[in-house]
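# Results of the structural survey
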4 protein chains.
Amino acid sequence: MSETLRVTVWNEFRHEKKPTHKAREVYPDGMHAAIAKALSAQPGFTVRTATLDEPEHGLTQAVLDSTDVLTWWGHCAHKEVGDEVVERVYRRVLAGMGLICLHSAHFSKIFIKLMGSSCVLRWREANERTRVWTIEPGHPIAEGIPEQFVIPHDEMYGERFDIPAPDTLVFVSWFQGGDVFRSGCCFQRGNGRIFYFCPGHETFPVYHQPEVQRIIANACRWARPLVSKPAVVVNAKQPLEPIVP
Amino acid sequence: MSETLRVTVWNEFRHEKKPTHKAREVYPDGMHAAIAKALSAQPGFTVRTATLDEPEHGLTQAVLDSTDVLTWWGHCAHKEVGDEVVERVYRRVLAGMGLICLHSAHFSKIFIKLMGSSCVLRWREANERTRVWTIEPGHPIAEGIPEQFVIPHDEMYGERFDIPAPDTLVFVSWFQGGDVFRSGCCFQRGNGRIFYFCPGHETFPVYHQPEVQRIIANACRWARPLVSKPAVVVNAKQPLEPIVP
Amino acid sequence: MSETLRVTVWNEFRHEKKPTHKAREVYPDGMHAAIAKALSAQPGFTVRTATLDEPEHGLTQAVLDSTDVLTWWGHCAHKEVGDEVVERVYRRVLAGMGLICLHSAHFSKIFIKLMGSSCVLRWREANERTRVWTIEPGHPIAEGIPEQFVIPHDEMYGERFDIPAPDTLVFVSWFQGGDVFRSGCCFQRGNGRIFYFCPGHETFPVYHQPEVQRIIANACRWARPLVSKPAVVVNAKQPLEPIVP
Amino acid sequence: MSETLRVTVWNEFRHEKKPTHKAREVYPDGMHAAIAKALSAQPGFTVRTATLDEPEHGLTQAVLDSTDVLTWWGHCAHKEVGDEVVERVYRRVLAGMGLICLHSAHFSKIFIKLMGSSCVLRWREANERTRVWTIEPGHPIAEGIPEQFVIPHDEMYGERFDIPAPDTLVFVSWFQGGDVFRSGCCFQRGNGRIFYFCPGHETFPVYHQPEVQRIIANACRWARPLVSKPAVVVNAKQPLEPIVP
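Residues numbered from 1 in each chain as written. Chains lettered and ligands numbered in written order. Predicted model: local features only at pLDDT ≥ 70, side-chain atom pairs only at ≥ 80, totals over all residues. Heavy atoms only, no water.

## Regarding the overall build of chain A
Summing up its helical and strand segments, chain A has 6 helices and 10 strands in all. Taking 245 residues into account, the globule formula puts the C-alpha radius of gyration at 18 Å, and chain A, at 19 Å, falls close to it. Taken over the C-alpha atoms alone, chain A extends approximately 70 × 40 × 35 Å along its principal axes. Taking all contacts inside chain A whose residues are at least 6 apart in sequence as the whole, residues at least 24 apart take part in 72%. Working note: accessible area of chain A is about 8,200 Å², and carbon and sulfur atoms make up 55% of it. (Helix = DSSP H or I, 4+ residues; strand = E, 2+ residues; numbered from the N terminus. Rg over C-alpha atoms; globule rule 2.2 N^0.38 Å. Contact = heavy atoms within 4.5 Å. Areas by Shrake-Rupley, 256 points an atom, 1.4 Å probe, with all protein chains shown as cover.)

## Quick word on the interface of chain B and chain C
Taken together, the 20 residues of chain B in the interface contact 20 residues of chain C. Contact between chain B and chain C buries roughly 1,800 Å² in total, counting both sides, with carbon and sulfur atoms accounting for 52%. Sorting the residues of chain B by area buried against chain C places L226(B), L240(B) and E241(B) first, and these three jointly supply 31% of that buried surface. For the pair chain B and chain C, the number of links is 4 salt bridges. For E241(C), the salt bridge identified is with R131(B), shortest N-O distance 2.7 Å. Here chain B is connected to chain C by 6 residue pairs in polar contact (both at pLDDT 80 or more). By residue number, the principal contributor to the side of chain B that touches chain C is strand β5 (residues 122-134) of chain B, which donates 3 residues. The class makeup of the residues in the side of chain B that touches chain C is 7 nonpolar, 7 polar and 6 charged. (Buried area = accessible area lost by both parts, 1.4 Å probe. Salt bridge = Lys/Arg side-chain N within 4 Å of Asp/Glu carboxyl O. Polar contact = N/O pair within 3.5 Å; in protein donor to acceptor, adjacent residues only side chain to side chain. Nonpolar A, V, L, I, M, F, W, Y, C, P; charged D, E, K, R; others polar.)

## Some points on the packing of aromatic side chains
Residue and element names in this part refer to chain A. Throughout the structure, instances matching the rule amount to 42 aromatic pairs over all chains. Ring plane angle 65 degrees and centroid distance 5.9 Å describe the contact between F171 and F197, whose orientation is recorded as edge-to-face. With F171 in strand β7 (residues 168-175) and F197 in strand β9 (residues 192-197), this pair connects stretches of sequence that are 26 residues apart. A residue is classified by how much of its surface remains accessible, and F171, at 0% relative accessible area, is buried. Summarising the aromatic geometry, the rings of F181 and Y196 are spaced 6.4 Å apart at their centres and angled 75 degrees between planes, so their arrangement reads as edge-to-face. (Phe/Tyr/Trp six-rings, centres within 6.5 Å; stacked < 30°, edge-to-face > 60°. Buried < 20%, exposed > 50% of the residue type's maximum accessible area, 1.4 Å probe, protein only.)

## Digging into the interface of chain A and chain B
Often, the extent of an interface is quoted as the loss of accessible area upon association of its parts. Between chain A and chain B, the contact holds 45 residues from the first and 45 residues from the second. Across the chain A/chain B interface, buried area totals approximately 3,300 Å², and carbon plus sulfur atoms make up 55% of it. Run the count over chain A and chain B and you get 22 residue pairs in polar contact (both at pLDDT 80 or more). Residue assignment for the side of chain A that touches chain B shows that the elements contributing at least two residues are α4 (83-95), α5 (109-115), β5 (122-134), β8 (180-189) and β10 (234-235) of chain A. Per-element accounting of the side of chain A that touches chain B gives the leading share, 6 residues, to β5(A). Class assignment for the residues of the side of chain A that touches chain B results in 23 nonpolar, 10 polar and 12 charged. In the sheet, β5(A) pairs with strand β10 (residues 234-235) of chain B via 2 bridges, with the strands oriented parallel. Pairing of W123(A) across the sheet is with N235(B), part of β10(B). (Pairing = 2+ DSSP bridges.)

## Details of empty space enclosed by the protein
The full count for this structure, using the stated rule, is 4 cavities of 30 Å³ or more. Counted as a void, the largest cavity has a volume near 110 Å³. As for the largest cavity, its lining consists of E241(A), P242(A), V244(A), W174(B), Q176(B), E241(C), P242(C), V244(C), W174(D) and Q176(D). Residue composition of the lining of the largest cavity, grouped by class: 6 nonpolar, 2 polar and 2 charged. Approximately 60 Å³ is the volume attributed to the second largest cavity. Residue lining of the second largest cavity: P164(C), A165(C), D167(C), F187(C), R189(C), P164(D), A165(D), D167(D), F187(D) and R189(D), and that is the complete set. Elements represented by at least two residues in the lining of the second largest cavity include exactly β8 (180-189) of chain C together with β8 (180-189) of chain D. Tallied by class, the residues present in the lining of the second largest cavity amount to 6 nonpolar, no polar and 4 charged. (1 Å grid on protein atoms, 1.4 Å probe; cavity = no way out; pocket = protein on both sides within 12 Å on 5 of 7 lines; lining within 4 Å. Points joined across faces, edges and corners; volume = space filled by probe spheres on them.)

## Details of the pattern of salt bridges
Two side chains carrying opposite charge are able to pair once their charged atoms lie near each other. Residue and element names in this part refer to chain D. Inspection of the entire model under this criterion finds 68 salt bridges over all chains. The salt bridge partner of E80 is R14, with a shortest N-O separation of 2.8 Å. Highlighted residues: E80 in the loop between β3 (69-73) and α4 (83-95) and R14 in the loop between β1 (5-11) and α1 (22-26), separated in sequence by 66 residues.

## Thoughts on the relation of the copies chain A and chain B
Taken as rigid bodies, chain A and chain B are interconverted by a rotation of 180 degrees and an axial shift of 0.0 Å, the fit giving an RMSD of 0.0 Å. This pairing of chains is accounted for by a two-fold axis. Identified as the residue of chain A closest to the rotation axis by C-alpha distance is G116(A), at 2.5 Å. The overlap is high: 100% of the interface residues of chain A also sit at the interface in chain B, so the same surface is used on both sides. (Least-squares fit on C-alpha atoms with pLDDT ≥ 70 in both.)

## What about helix α4 (residues 83-95) of chain B?
Residue and element names in this part refer to chain B. A rise of 1.5 Å per residue sets the reference length of α4, with its 13 residues, at 18 Å; its end C-alpha atoms lie 18 Å apart and thus fit the reference within 8%. Inspection of α4 places V85, V86, R88, V89, Y90, R92, V93, L94 and A95 among the buried residues, and these make up the whole buried set. Of the surrounding secondary structure, the elements contacted by the buried residues of α4 are α3 (61-65), β3 (69-73), β4 (98-102), α5 (109-115), β8 (180-189) and β9 (192-197). Looking one or two residues beyond α4, the residue adopting positive phi is G96, at roughly 140 degrees. (Expected span 1.5 Å × (residues − 1).)

## A look at the confidence of the model for chain A
Summing up the model confidence of chain A, the mean pLDDT is 97 and the portion of residues at 70 or higher is 99%. Overall fold confidence (pTM) sits at 0.98, and the ipTM for the predicted complex is 0.96. (pLDDT = per-residue confidence, 0-100.)

## Comments concerning the relation of the copies chain B and chain C
Mapping chain B onto chain C calls for a rotation angle of 180 degrees and an axial translation of 0.0 Å; the resulting RMSD is 0.0 Å. When the interface residues of chain B are mapped onto chain C, 100% of them again fall at the interface, so both copies present the same face.

## Description of unusual backbone geometry
Cis geometry marks the peptide bond from E159(C) to R160(C); its omega dihedral reads 5 degrees. The topology assignment puts R160(C) in the loop between β6 (148-158) and β7 (168-175). Positive phi values are uncommon outside glycine, yet H103(D) reaches one of about 50 degrees. Residue position: H103(D) is located in the loop between β4 (98-102) and α5 (109-115).

## A word on the side chain of S173(B)
By the element assignment, S173(B) lies in strand β7 (residues 168-175). For S173(B), the contacting residues outside a window of four places in its chain are T130(B), R131(B), V132(B), D179(B), V180(B), F181(B), S183(B) and V180(D).

## Points about the side chain of E241(C)
On the secondary structure map, E241(C) appears in the segment after β10 (234-235). Here E241(C) is in contact with R129(B), R131(B), W174(B), Q176(B), Q176(D), G177(D) and G178(D), once residues within four sequence places are set aside.

## What about the pairing of β5(A)?
Residue and element names in this part refer to chain A. As defined by bridge partners, β5 adjoins strand β6 (residues 148-158) across 8 bridges and the pair is classed as antiparallel. Its bridge partner being in β6, W133 is matched across the sheet by Q148. Sheet topology note: the β5/β7 ladder contains 5 bridges and is antiparallel. Residue pairing across strands places V132 opposite S173, the latter belonging to β7.

## Here's the deal with the environment of R221(C)
All names here are of chain C. Position of R221 relative to the elements: it lies in helix α6 (residues 210-222). Here R221 falls in the partly exposed class, since its relative accessible area comes to 31%. In this structure the C-alpha to C-alpha distance between R221 and I141, which are 80 residues apart in sequence, comes to 8.3 Å.

Dropping the structure here:
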């Protein structure tokens, strides 16, 4: 809970390194670079990045301890994320760190662990048009976001999305091919706040869209830690009030 | 989803086997026997029991596949529950099986895995009086339960209980020593329904109380499976509606 | 809380009485007749109907007192529903009676009064195709309902639907014209359960569809009263526990 | 949504004007003066007050239009609040204004109208000790608030509190006499955020307690408007996407 909001943007960063992958055209420096650039423009944000292939995936205890909000994008290498790093992130979330899970991060180890359910969904790669509808305009994550906006092309993620009912449902998406999706979902776990946001297939310039950038920035502000220590078991031996038979 | 409700009552069954343990006086045949007896008196219930020291803890795939609702009591041996059995129960819950977690089951592997949070709480063994208040009288689990009832002596479990906000909060408990607790909590995970109910320390005749028996029976009915297969990832290649540019 | 489930199907019944109105072709005896017929086929249901132009709109105190669940369809004459009847229904819902609000009943006096918000929405009459997606397959109202089903033609109702966040969101609808809608929403008010279900414009045979009939029947079962008296202010002068300084 | 947070502190201000009423000793200038003084000390807050006996209860359209968050304390004169003023406040809340309802404001016309339920509760005037427990420490309204704190003497408000389940339950209170109460409850209605906070009988110096002042200040910040216009019915005649048969 420093003066600035310290955001760490994590990316799997594999697609963008393959010479002929379309993701490389859209995000030549990786998706994390695009997201970090957008967030850096926000007043009061201090932003750094971390990626899978760095030692400890760039998420050492020291990095996490100085992170207020972590954003996460992963897709093809969820299984390569080490369990000890997942555990480290998990503990930090429960202690208060915010976590923004983007697109295919629905299937990351950390998201599944925090949800307690399978997180499976329907999907389709058909370059279809999608519309993000604002369901809860009075929520801080929707601040400045229109009633709806278009993402010209994206992968379809559709219901049934096997998650616990979100504490707040902020956005629902419409897909051309006939599907709907709870695309902006808030969760509290321990002292930490989690936001899942659906848009962002690696081959489309979704993270270059101003509405998407605004939503992620809003989510980071919303998920800022208010507490920074985990809950612990307390043997409250001494009662606060007299126990009389 | 058979005609009858097939309930399996699971118990750690360790305290009650120790020759001088007070639990043995209260529950000479084990807590599972008391709970199973009460549930067996319900119309339409078929009840069996399973305990930790049976092979596979009594929870083979065959047992789980023919269980509609599983009740769980564990305390001192959570760590001895095999991970493969936990995983098996987890999958069955997501597929639709109901799960009723009792008292110290708040710290069982299966409950923590389904919650996605630490599940820590405050506690005190002071034989204090507690009152269970009905917060949501219109909920099926509260059917026939008075506005409040007394448990003459129980272990105190107090807030902050580090769980995700329940989908429905049915009961809140008052403790003599100055604590409160969300003592009756509903959760949905996958197709399965979970109810956590706080009362039931092993040294007190809590599961002999009619209100407690009624609540557990109501919870079993509420948690009966409506679906009995897990959600799966679906590659919905063929769109339902035409995708035109 | 009788042995049978006593359902009263209420309908404004104005469109269907106009000689040339399309509703008359689809529902020659009124929408209430179609809904009541479908519900009567359910085991254990006792069904009657009531309409706006009957004395007291057919909703005398005696009728309401012997109603477990009331279904409501209204559209062009919301304002003609007498305030004293609205108040009577309101009190019965808080006392425990279930209420199923269908389609344009989103704008009925009783629904707005129970929601505490404007209940406005986007709408369009374009005969478009809509798909109802099951968001919570483990919920009793979704029992037997497929992953999604089509309503070939219906009026569009779209977000932002200005309601309090539902206690449970069971269905979300997709519309051809680019809209989404929280189309199946559960609410608890007092001891009563309320379900809002979107499909059902008067000019389309929506209430002849088996999936829609099944959902309404499921909702009636889910909303059956578990308590049948209102909460009252209690001056609890005599404390349950000693108050010592 | 100005630079500062414009708070209007509304008080019935009747008890404190009676020459011999104990409230006068505790709050010689009225409870609103105490609350306003505490809030004025918050950085960025602009605070004014309004009371029942002013013209239009001090809540003209102009006052409301320049109010971001309204706090409300009322008790013996709920019925004297004019319906047109209630309607005006209601519309402003749905448009985005925050509303903090304090103690006996649970029975104000505006709170009941926004809740859609009876809002009845158990109560007792026995000067008993109460403890406010923080259920959701990661919520902005709990920022800086300890695990629990004592209010040495207050009126008891107890469950069943007949409200819709809050969107977030932040505090639960323990009472000496054996009762519990959901004492800090968040609701969203339209674009507006509502917080109900239980402590604050007129004869006790509850609003002089720093924890209580901090909670009210936190709640005002949390409830700041993010949107400032009401939702409206939209005839979305022109579909966003082509409607093809």
